[in-house]
Amino acid sequence: MSRCLKIINIVGARPNLPKIAPLMREMQRHPEIEPVLVHTGQHYDETLSDIFFRQMGIPAPHVNLEVGSGSHAAQTAEILKRIEPILIERQPDLVLVVGDVNSTIAAGLAAVKLGIPLAHVEAGLRSFDRTMPEEINRVLTDAIADYLFVTEEDAIEHLLKEGRPRKCIHLVGNVMIDSLHQFLPIAQKSRIGEDLGLKNGADWERFAVLTLHRPSNVDSTEKLAELLGAMDAIAAQVPVVFPVHPRTQQRLTQTGITHHRQLCLIPPIGYLDFLCLVSKATLVLTDSGGIQEETTALGVPCLTLRESTERPITISEGTNLLIGTDPARIIAAVQDLLAGNRKIGRIPPLWDGHAAERIVEILLRTLPVELAS
Ligand code: UD1
């Protein structure tokens, strides 16, 4: 009798969506796989979730757990509680999680406690900063996953040092870069340049893109005010477009921090508009993880406003510079870039748009399921 490989794929927060899109597409190309999509509901706003589904053609989730926002413990516990009956009812052969958000560890933990094999895509990344909630999520998810799909060589070393068996670790490339390859030509048709007055005919002005949402940068009023002070100085030299994450917006609303006219605050934007902006930017300032990778893939200079990165390949091979959060250092780094001293990077191995194919091929080859003969 033929038997389908049932894989439950988990998404929860915005950065999960460009990672799951190519995996769902690749799984759907294989009739021997039945891909199921579960959204935890960690992110629920149109601009943080729905628009990504539409723009990237991700199928509507079969189940939405609708957990919403909450403290780390409350959110994680709620996902654990709500996903368990789904896993028991649907009996998947594998649960696949991506990235490092609370939904990643919560769904992974529920799966392994039921004896369901677990795959972690983007395994082995380490900032070695355990004050970051994502670092805890990474370490714990990697400790329990049966398949560890990694984007870069350093990740293999980290996993081996943590005692994970070599046979579980697979260097496959970067699924988020699969999405970038697929959607970049469509993103170039975005009208965001005209809408923001950055484009005249075919010509783009010089401009910077800024994103800030790490708790360490935005949860303290003093830190956020200090960073925006630096951004004011930069905005006086070059327009800075700043799509504001809800976490950051809450802090700005509470504190009423003011900013320079050339610092252009806009609500969160969809994947295509954002990709278009980043691809045309003179430079990007960010504390995001994924954007460090996207700028490396696009060859756009990136200044990372953090003290550590879990993505060192974007520094050793890519266009990323880790400059921390000291205002004087940030301003100096931007001036250096604007003066033409830009770092020339190269694309890391296997960041070629085919990571999802490699992952699905490995799963089909190794999962202990009797398939159709
Ligand atoms: C989460 C991830 C982080 C990721 C980020 C991307 C964890 C621990 N953190 O952080 O790794 O980089 O997503 O965006 O999983 N909110 C809304 N609308 C939404 C969702 C949230 O307004 O759709 C507001 C809520 O007030 C919420 C706050 O944003 O309390 C933070 O959301 P949360 O999911 O807890 O963390 P993020 O900061 O988004």
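Just so you know, these numbers come straight off a predicted model, no measurement behind them.

Before going further, it helps to spend a moment on the environment of Ile266. Looking at where Ile266 falls in the secondary structure, it is placed in strand S12 (residues 263–266). When its relative accessible area of 13% is taken as the criterion, Ile266 is described as buried. In sequence terms Ile266 and Leu196 are 70 residues apart; their C-alpha atoms lie 9.6 Å from each other. Non-local contacts of Ile266, meaning those with residues more than four positions away in its chain, are made with Leu196, Val241, Phe242, Pro243 and Val244.

Within the fold, Glu310 resides in the loop between strand S14 (302–304) and helix H14 (313–316). Of note is the side chain of Glu310, whose polar atom sits 3.5 Å from the side chain of Arg138. Polar side-chain contacts of Glu310 include one of 2.6 Å to the side chain of Arg311. In this structure, Glu310 is in contact with Leu125, Arg126, Ser127, Met132, Arg138, Gly289 and Gln292, ignoring residues within four places of it in sequence.

It is worth spelling out the packing of helix H1 (residues 17–28) against helix H2 (residues 46–56) at this point. One way to put it is that H1 packs onto H2 with a least axis distance of 10 Å and a crossing angle of 35 degrees. Note that H1 runs across H2; the crossing there is right-handed. Between H1 and H2, the residues in contact are Leu17, Pro18 and Ala21 and Leu48, Ser49, Phe52, Phe53 and Met56, respectively.

We now examine the sheet that holds strand S2 (residues 33–39). Strand order in the open sheet made by the 7 strands is S3-S2-S1-S4-S5-S6-S7, with parallel pairing throughout. Looking at the sheet topology across the chains shown, the edges are occupied by strand S3 (63–64) and strand S7 (169–171). Pairing geometry for strand S6 (residues 147–150) and S7, over 3 bridges, is parallel. Within the sheet, the bridge partner assigned to Phe149 lies in S7 and is His170.

Our next topic: the site of the ligand. If you check the shell around the ligand, you find 18 residues, and the closest are His43, Glu134, His213, Arg247 and Gln250. Between the ligand and the protein, one listed contact pairs an oxygen atom with a backbone N or O atom of Asn102 at 2.8 Å. Within the contact set of the ligand, an oxygen atom lies 2.9 Å away from a side-chain nitrogen or oxygen of His245. Notes on the ligand: free accessible area 740 Å², of which the protein chains cover 88%. It is helix H11 (residues 246–255) that provides the largest number of residues to the shell around the ligand, a total of 3 residues. When grouped by side-chain class, the residues that make up the shell around the ligand number 6 nonpolar, 8 polar and 4 charged.

What follows covers the nonpolar core. Of all hydrophobic cores here, the largest spans 58 residues; its most connected members are Ile20, Leu23, Leu96, Phe149 and Leu363. Setting aside chain neighbours within four positions, we find Ile20 in contact with Asn9, Ile10, Val11, Leu37, Ile58, Leu96 and Val98. Counting residues in hydrophobic clusters, the runner-up holds 28 residues, among them Ile8, Val36, Ala110 and Ala123.

Reading guide: rules and limits
Residues numbered from 1 in each chain as written. Predicted model: local features only at pLDDT ≥ 70, side-chain atom pairs only at ≥ 80, totals over all residues. Heavy atoms only, no water. Helix = DSSP H or I, 4+ residues; strand = E, 2+ residues; numbered from the N terminus. Buried < 20%, exposed > 50% of the residue type's maximum accessible area, 1.4 Å probe, protein only. Contact = heavy atoms within 4.5 Å. Polar contact = N/O pair within 3.5 Å; in protein donor to acceptor, adjacent residues only side chain to side chain. Axes fitted to C-alpha atoms, helices over the stretch in contact; angles between N-to-C directions. Left-handed = near helix turned anticlockwise from the far one by under 90°. Pairing = 2+ DSSP bridges. Near = heavy atom within 4 Å. Areas by Shrake-Rupley, 256 points an atom, 1.4 Å probe, with all protein chains shown as cover. Nonpolar A, V, L, I, M, F, W, Y, C, P; charged D, E, K, R; others polar. Core = buried A, V, L, I, M, F, W, Y, C linked by side-chain atoms within 4.5 Å.

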